[in-house]
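# Observations on chain architecture
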Amino acid sequence: MIRRALPEDARSLAELAVQMWSRHTVEDLEAEFCEALQDPNDAFFLKFSGDVPVAFAECGLRFDYVEGTKTSPVGYLEGIFVSDGFRRKGIARDLLAACEQWAREKGCAEFASDCELANEESLRFQLSVGFEEANRIICFRKSL
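The following paragraphs examine the structure supplied in this document.

Definitions and cut-offs
Residues numbered from 1 in each chain as written. Predicted model: local features only at pLDDT ≥ 70, side-chain atom pairs only at ≥ 80, totals over all residues. Heavy atoms only, no water. Helix = DSSP H or I, 4+ residues; strand = E, 2+ residues; numbered from the N terminus. Rg over C-alpha atoms; globule rule 2.2 N^0.38 Å. Buried < 20%, exposed > 50% of the residue type's maximum accessible area, 1.4 Å probe, protein only. Contact = heavy atoms within 4.5 Å. Areas by Shrake-Rupley, 256 points an atom, 1.4 Å probe, with all protein chains shown as cover. Lys, Arg positive; Asp, Glu negative; His and termini not counted. Charge placed at Lys NZ, Arg CZ, Asp CG, Glu CD. Salt bridge = Lys/Arg side-chain N within 4 Å of Asp/Glu carboxyl O.

### Notes on the overall build of the chain
Scanning the chain for helices and strands turns up four helices and five strands. Starting at the N terminus and walking to the C terminus, you meet the elements of the chain as β-α-α-β-β-β-α-β-α. For a compact globule of 144 residues, the expected C-alpha radius of gyration is about 15 Å, and the chain comes in at 15 Å, within 12% of that figure. Considering only C-alpha atoms, the chain reaches an extent of 40 × 40 × 30 Å along its principal axes. For the chain, with 144 residues in total, the buried portion stands at 39%. When contacts within the chain are restricted to residue pairs at least 6 apart in sequence, those whose partners lie at least 24 apart make up 54%. Surface accessibility of the chain: about 9100 Å² in total, with carbon and sulfur atoms responsible for 49%. In the chain, the 17 positive side-chain charges and the 26 negative ones have mean positions that sit 5 Å from each other.

This is how it looks when you write it as structure tokens:
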């Protein structure tokens, strides 16, 4: 079963997300997700195996320019994760479909995403579900 996450799901989301975003702690992500779950421009979807959450997707609306798009707002896949043992079963595709439907309902005509240049697994997934590569960039920063 896939369903939209509720505020009380913040901890479960964080426990899944920390496996992907390992530079964060469960507590940091839980606090971030508690806030995001209250924002009408963000949505999370959870996939369950029985009562156990095994995958999630986070999407949002972006109103600023999104590389390769022509409209605003744009639905944006912020993150997607499927636990080991549940991969290659179409779960990520189903979660993405839930995100895309949510974006359509919010009035979006386009949906976008990104991945790091070295993340070949994410690149293969996104191309396999119909995304087209819009651009490749390397971002820079420096302290002032």
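### Description of the pattern of salt bridges
Once the charged atoms of two side chains with opposite charge are near each other, the side chains can pair. One pass over the structure, following the stated rule, counts eight salt bridges. Between Glu30 and Arg11 there is a salt bridge, with the nearest N and O atoms lying 3.0 Å from each other. With Glu30 in helix H2 (residues 26-36) and Arg11 in helix H1 (residues 10-17), this residue pair connects regions lying 19 residues apart in the sequence. A residue is classified by how much of its surface remains accessible, and Arg11, at 33% relative accessible area, is partly exposed. Across the pair Glu78 and Arg62 runs a salt bridge whose closest N-O atoms are separated by 2.8 Å. Placement of Glu78 in strand S4 (residues 74-82) and of Arg62 in strand S3 (residues 52-62) is noted, with a sequence separation of 16 residues between them. Residues joined in a network through salt bridges with shared partners are Arg11, Glu15, Glu27 and Glu30.

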